[in-house]
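Report on the structure
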Amino acid sequence: MPSQEPSTSAASRTPVDDPKKRNLPWIEKYRPAKFHEIVGNEETVSRLGVFATQGNAPNIIIAGPPGVGKTTTIQCLARILLGDSYRDAVLELNASNERGIDVVRNKIKMFAQQKVTLPRGRHKIIILDEADSMTEGAQQALRRTMEIYSNTTRFALACNTSEKIIEPIQSRCAMLRFSKLTDAQILAKLIEVCQREELTYDEEGLEAVVFTAQGDMRQALNNLQSTANGFGTITGENVFKVCDEPHPMMIQNMLDFCSQNDIHKAYKILAKLWRLGYAPEDIIGNIFRVCKRLGVSEKMKLNFIREIGITHMKIVDGLNTLLQLTGLLARLCEVSMEV
């Protein structure tokens, strides 16, 4: 898949061509500034668009996995609601660093008390990233602050798991959930970035970036930039050199040998991965992801996934030895004999 030459005329220059942004990480350089630029979760983003047009947005919680655009979406909403007042009327805190009760009592409460001239019907916005990292005491204090200053301030919380947010805060907020991005959505964005950066790439290289990203756009752009800076050309081999994950082709060959009941050849591949120094969590994670695409019968695939899941649970519990992974291969070979 050849790269396309982007237009360089002054009239067609995009905001990312700004000289000030040339040395930025690509996750910042290509961060969406408007709703229509956000990739994925279209239905949830459209609901936020309704809040933006009506003006009176409620307190919101956006929950979802990393790298799917939670914080970016909140920032886009704040820009639409506040316009030129964005700088003065928005307080953004990362709750994973500033998560104690003192932050709520001092920074958040003082900002909520400040008087800021805003258009009629608009409110100051406090953005709390990684809100599920806040201590329970801080969350209890935040609940009271949300009540007292509800006439002037709105809160927007981004978190990975909403279960860690206490119920009183959840009941005061509109809950929005983001899901992982699809491979097609990430691939489309990668092609766009490659064309803007005038990178040479092939289909296998972009598929490798998508494979390593696992639905995380931030991870995908970081991996793409690292490969481009390290090798210049985006190929599958270069991507896996930079990301240093167990190569999916090796994993697939290993699973193919298991489906053929050949434990010796399968173990040779596993032993090689072990000698290369890959962590058991990385190996078992890639085994699961490759198994989902394995070209075997549906019954065998389901049985494989069951055994992989049991082994993954043991590894997470601390039984992360070569013996556990070898036992997995033996059980997969047994499954292939039964099917």
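Not measured: the values here are computed from a predicted model. (Residues numbered from 1 in each chain as written. Predicted model: local features only at pLDDT ≥ 70, side-chain atom pairs only at ≥ 80, totals over all residues. Heavy atoms only, no water.)

In this structure, D244 is a non-glycine residue whose phi angle is positive, near 50°. Tracing the backbone through its elements, the reader meets D244 in the loop between α11 (236-243) and α12 (248-259). Relative accessible area serves as the criterion here: at 48%, D244 is assigned to the partly exposed category. Positive phi, close to 65°, is recorded for N261, a residue that is not glycine. Of note, N261 is situated in the loop between α12 and α13 (263-275). (Helix = DSSP H or I, 4+ residues; strand = E, 2+ residues; numbered from the N terminus. Buried < 20%, exposed > 50% of the residue type's maximum accessible area, 1.4 Å probe, protein only.)

Here the structure, examined in full by the defined rule, presents 2 cavities of 30 Å³ or more. Lining the largest cavity we find A57, P58, I60, I74, L77, L81, I125, R154, F155 and A156. Those elements giving two or more residues to the lining of the largest cavity turn out to be α3 (70-82) and β4 (153-159). Empty space within the second largest cavity amounts to approximately 40 Å³. In terms of lining, the second largest cavity is formed by G55, A57, L81, R122, H123, I125 and R154. Across the lining of the second largest cavity, the residue classes break down as 3 nonpolar, 2 polar and 2 charged. (1 Å grid on protein atoms, 1.4 Å probe; cavity = no way out; pocket = protein on both sides within 12 Å on 5 of 7 lines; lining within 4 Å. Points joined across faces, edges and corners; volume = space filled by probe spheres on them. Nonpolar A, V, L, I, M, F, W, Y, C, P; charged D, E, K, R; others polar.)

Moving on: the packing of aromatic side chains. All chains considered together, the criterion is met by 1 aromatic pair. Taking NZ or CZ as reference, R79 lies 5.1 Å from the ring centre of Y86, over its face. In this structure, K124 packs its charged tip against the face of F111, placed 5.6 Å from the ring centre. (Phe/Tyr/Trp six-rings, centres within 6.5 Å; stacked < 30°, edge-to-face > 60°. Lys NZ or Arg CZ within 6 Å of the ring centre and 35° of its normal.)

The subject of this paragraph is the environment of I60. If you trace the backbone, I60 turns up in strand β1 (residues 60-63). Between the C-alpha atom of I60 and that of C173, which follows or precedes it by 113 residues, the distance is 4.7 Å. For I60, the contacting residues outside a window of four places in its chain are L48, F51, I74, L77, F155, A156, L157, C173 and A174. (Contact = heavy atoms within 4.5 Å.)

Throughout the structure, instances matching the rule amount to 0 disulfides. With no disulfide of its own, C159 lies closest to C173 among cysteine sulfurs, the gap being 9.6 Å. Considering cysteine sulfurs only, C194 is the nearest to C243, which forms no disulfide, with 13 Å between them. (Disulfide = S-S within 2.5 Å.)

As a further point, take helix α14 (residues 280-291). With 12 residues, α14 extends 16 Å between its outermost C-alpha atoms, agreeing within 8% with the 16 Å of an ideal straight helix rising 1.5 Å per residue. Those residues of α14 not exposed but buried are P280, I283, I284, G285, N286, I287, R289, V290 and C291. The elements touched by buried residues of α14 are α9 (203-213), α12, α13, α15 (298-316) and α16 (322-338). (Expected span 1.5 Å × (residues − 1).)

A few words now on the confidence of the model for the chain. Predicted confidence across the chain gives a mean pLDDT of 85, with 92% of residues reaching 70 or more. This stretch, residues 1-16, has a pLDDT under 50; its non-local contacts, to residues over four places away or in other chains, come to 22 contacts. (pLDDT = per-residue confidence, 0-100.)

So, on to the layout of surface pockets. Here the largest pocket is characterised by a volume of approximately 460 Å³. Looking at the largest pocket, it is lined by 21 residues, and the ones nearest its centre are R31, G67, G69, T72 and R218. Where the lining of the largest pocket is concerned, the elements lending two or more residues are α3 and α10 (217-231). Taken together, the residues of the lining of the largest pocket break down into 10 nonpolar, 5 polar and 6 charged.

This next bit is on the nonpolar core. Ranked by internal contacts, the top residues of the largest apolar core, which has 75 residues, are L190, L224, I234 and I287. Setting aside anything within four residues of it in sequence, one finds I234 in contact with L199, T200, Y201, D202, G205, L206, V209, L224, T227, A228 and V239. Among the nonpolar cores identified, the runner-up in size contains 23 residues, and A63, F111, M146 and C159 belong to it. (Core = buried A, V, L, I, M, F, W, Y, C linked by side-chain atoms within 4.5 Å.)

What the rule picks out here adds up to 11 salt bridges. The partner of E28 in a salt bridge is R31, and the shortest N-O contact between them spans 3.0 Å. Its relative accessible area of 29% is what places R31 among the partly exposed residues. Here K189 and E192 are joined by a salt bridge, their closest N and O atoms 3.8 Å apart. Of this pair, K189 and E192 both sit in helix α8 (residues 183-196), 3 residues apart, which is roughly one turn of the helix. When its relative accessible area of 28% is taken as the criterion, E192 is described as partly exposed. The structure contains a network of salt bridges with shared partners spanning R144, E147 and R172. (Salt bridge = Lys/Arg side-chain N within 4 Å of Asp/Glu carboxyl O.)

What follows is about the environment of P58. With respect to the secondary-structure elements, P58 resides in the loop between α2 (42-54) and β1. Residues P58 and P248, 190 residues apart in the sequence, show an inter-C-alpha distance of 45 Å. In this structure, P58 is in contact with F51, R154 and A174, ignoring residues within four places of it in sequence.

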